[in-house]
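So you can see what is in the structure, the chains are spelled out below.
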Amino acid sequence: MGNLQRLLKESWTLVEEQQDKVAGYFYARIFLSNPHLRHLFPVTMDVQRARLLGAIVTAVQSLDDPDRFEEYLRQLGRDHRKFHVEPEHYDVVGGALLEALRTFAGESWSIEYDQAWGDAYNVIAKKMISGAEADTNPAFWHAEVLTHERRSRDIAVMTCRPLQYPLEYRAGQYVSVEAPRYQPRLWRTYSMANAPNKEGTIEFHVRALGAGWVSSALVRRVQVGDLLRIAAPMGTMTLDRKSTRDVVCVAGGTGLAPIKALIEELTRYNRTRWVHVFFGAKDRDDLYDLPELNKLAARYPWLSVVPACSEDRNFVGEQGNIGEVLARYGPWGDHDFFVSGSSSMVKSTLRTLAELKVPAVRIKYDTFGDI
Ligand SMILES: Cc1cc2nc3c(=O)[nH]c(=O)nc-3n(C[C@H](O)[C@H](O)[C@H](O)COP(=O)(O)OP(=O)(O)OC[C@H]3O[C@@H](n4cnc5c(N)ncnc54)[C@H](O)[C@@H]3O)c2cc1C
Ligand code: HEM
């Protein structure tokens, strides 16, 4: 661990146990000095309270090598235009962050810590600002919901079409989505489930989480004709057209969405690469898109699909977590891997791939949560 990383981690332990208070102070500083910034944030702040602060702390602490995260930070800055964030807001937020840390760390705080947080924040902010400035697209697109279909208890598949300008993206990427009619100012990321097409339609697969604000609205309340807002595409889980290696896709639940988009892109040009899809879910009901996958596999001889259930003894097929199932097949020494699903699913699959000695450079993944 470098010196900067050590200072950041060490100083965070001074306030870690008082995170709620730090967050309360942080937002109060921002809104008292700049009341006009309040309207950028969700209407109800208590449940959401830790979202921005938590995100900044994670970014500052985990980006030990900001250059490695250059593209992610540029995309994040571009994406922040959807919140109406302007370059001058970064100083306000950075100042509030340092004030909050100083206040709650008390006497143990030092100039060295101050410098470390200030430096790390500024490097990140600079990359985000330059990403935002370089973007010539609108901050977000209005998109009309064209179809909305419930596929299981908690899962909906919907399509929509951006109204003003086409939204250019690559299969495997994701976007932030807001359903302003139901949950204004709450944005969550969802992966496009189709490759870009001439009609400009975009498909999403969404699972409603128990207490989930946006996912429940998208699954249970959104109707055909509603308008959504969609921000700039992000993510690097895309196909390398030059690679000649065979492909393994591992999807958990609605993590299938970007994998479906990748398969669709492959149907347009692939003749030579075998593509193996492992699709896992808790039970049969959650294998919501299996009939579609089976149809594709029947049509394209290079595609094979292995479904699996981890908690459904009556399912006729593979049993167990999708990572375990994958390990029963193989060998996988010379394949390109794409992994998509909840953070626990992605983590356990990455562990299995490490045990199978798959080189990390061959694995692309986006997780539905922190990793
Ligand atoms: C890159 C990326 C791509 C994504 N793509 C998709 C997609 O295609 N389809 C899709 O359905 N989702 C996808 N997600 C997840 C999505 O962004 C939201 O996190 C999810 O829909 C929950 O949002 P919410 O507002 O409903 O829940 P929130 O209101 O944010 O959270 C409500 C409660 O649920 C808990 N919770 C949040 N996330 C999870 C989780 N994953 N598992 C269990 N509990 C959780 C929280 O701790 C909280 O208690 C993706 C996430 C990322 C980061
Ligand atoms: C180093 C600087 C910053 C980093 C790393 C950062 C990162 C993030 C991340 C990862 C999220 C959650 C993802 C999302 O909802 O899209 C988020 C949310 C948000 N950010 Fe930033 N951000 C930074 C600076 C700013 C600034 C300067 C503003 C302007 C005031 C801002 C406003 C917001 C808002 C309004 C949210 C949504 C909050 C919520 O839903 O509760 N961010 N940020």
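Residues numbered from 1 in each chain as written. Chains lettered and ligands numbered in written order. Predicted model: local features only at pLDDT ≥ 70, side-chain atom pairs only at ≥ 80, totals over all residues. Heavy atoms only, no water.

**As for the coordination of the iron atom of ligand 2**
Counting protein donors around the iron atom of ligand 2 gives one, H80 (NE2), at 2.1 Å. Take H80: it is sitting in the loop between α4 (70-79) and α5 (89-105). (Donors = N, O, S within 2.8 Å, 3.2 Å for Na, K, Ca; no water. Helix = DSSP H or I, 4+ residues; strand = E, 2+ residues; numbered from the N terminus.)

**Looking at the environment of F83**
With respect to the secondary-structure elements, F83 resides in the loop between α4 and α5. A sequence separation of 21 residues divides F83 from F104, and the C-alpha atoms of the two residues are 28 Å apart. With residues up to four places along the chain from it excluded, the contact list for F83 reads L40 and W187. (Contact = heavy atoms within 4.5 Å.)

**Observations regarding the pairing of strand β7 (residues 246-252)**
Among the 7 residues in β7, 6 count as buried, and that is most of the element. With 6 bridges connecting them, β7 and strand β11 (residues 335-341) associate as parallel partners. What sits directly across from A251, in β11, is S340. By the bridge criterion, 6 bridges tie β7 to strand β8 (residues 275-281) in an arrangement that is parallel. (Buried < 20%, exposed > 50% of the residue type's maximum accessible area, 1.4 Å probe, protein only. Pairing = 2+ DSSP bridges.)

**A word on the site of ligand 1**
As a matter of local geometry, ligand 1 sits amid 18 residues, with R188, T189, Y190, H205 and S215 nearest to it. Residue S191 places a main-chain N or O atom 3.1 Å away from an oxygen atom belonging to ligand 1. Between R207 and ligand 1, the recorded distance is 2.9 Å, taken from a backbone N or O atom to an oxygen atom. Within the complex, 69% of the 940 Å² of free accessible area of ligand 1 lies under protein. Of all the elements, strand β4 (residues 187-191) adds the most residues to the shell around ligand 1, at 4 residues. (Near = heavy atom within 4 Å. Polar contact = N/O pair within 3.5 Å; in protein donor to acceptor, adjacent residues only side chain to side chain. Areas by Shrake-Rupley, 256 points an atom, 1.4 Å probe, with all protein chains shown as cover.)

**Some thoughts on the UniProt feature "domain: FAD-binding FR-type" (unreviewed entry) in the chain**
The sites that UniProt annotates as "domain: FAD-binding FR-type" (unreviewed entry) are residues 138-240. As annotated, residues 138-240 comprises 9% helix and 39% strand, and the C-alpha atoms at either end are separated by 27 Å. (UniProt positions renumbered as here; feature names shortened; annotations may be inferred.)

**A few points about the site of ligand 2**
In the vicinity of ligand 2 lie 21 residues, with R51, L52, A55, H80 and K82 positioned nearest. A distance of 2.9 Å separates an oxygen atom of ligand 2 from a polar side-chain atom of K82. At the level of secondary structure, the elements contributing two or more residues to the shell around ligand 2 comprise α3 (50-62), α4, α5 and α6 (111-133). A per-class count over the shell around ligand 2 returns 15 nonpolar, 3 polar and 3 charged. (Nonpolar A, V, L, I, M, F, W, Y, C, P; charged D, E, K, R; others polar.)

**Some thoughts on the pattern of salt bridges**
Following the criterion strictly, the structure yields 24 salt bridges and no others. Residues R151 and D289 are paired through a salt bridge, measuring 2.7 Å at the closest nitrogen-oxygen approach. Taken together, the residues span a long stretch of sequence, with R151 in the loop between β1 (140-150) and β2 (155-162) and D289 in the loop between β8 and α9 (290-299) at a distance of 138 residues. Close ionic contact of K260 with D289 constitutes a salt bridge, the shortest N to O distance being 2.6 Å. Of this pair, K260 sits in helix α8 (residues 256-269) while D289 sits in the loop between β8 and α9; the two residues are 29 residues apart in sequence, bridging distant segments of the chain. What emerges from the salt-bridge pattern is a single network uniting R153, R207, D283, D285 and D286. (Salt bridge = Lys/Arg side-chain N within 4 Å of Asp/Glu carboxyl O.)

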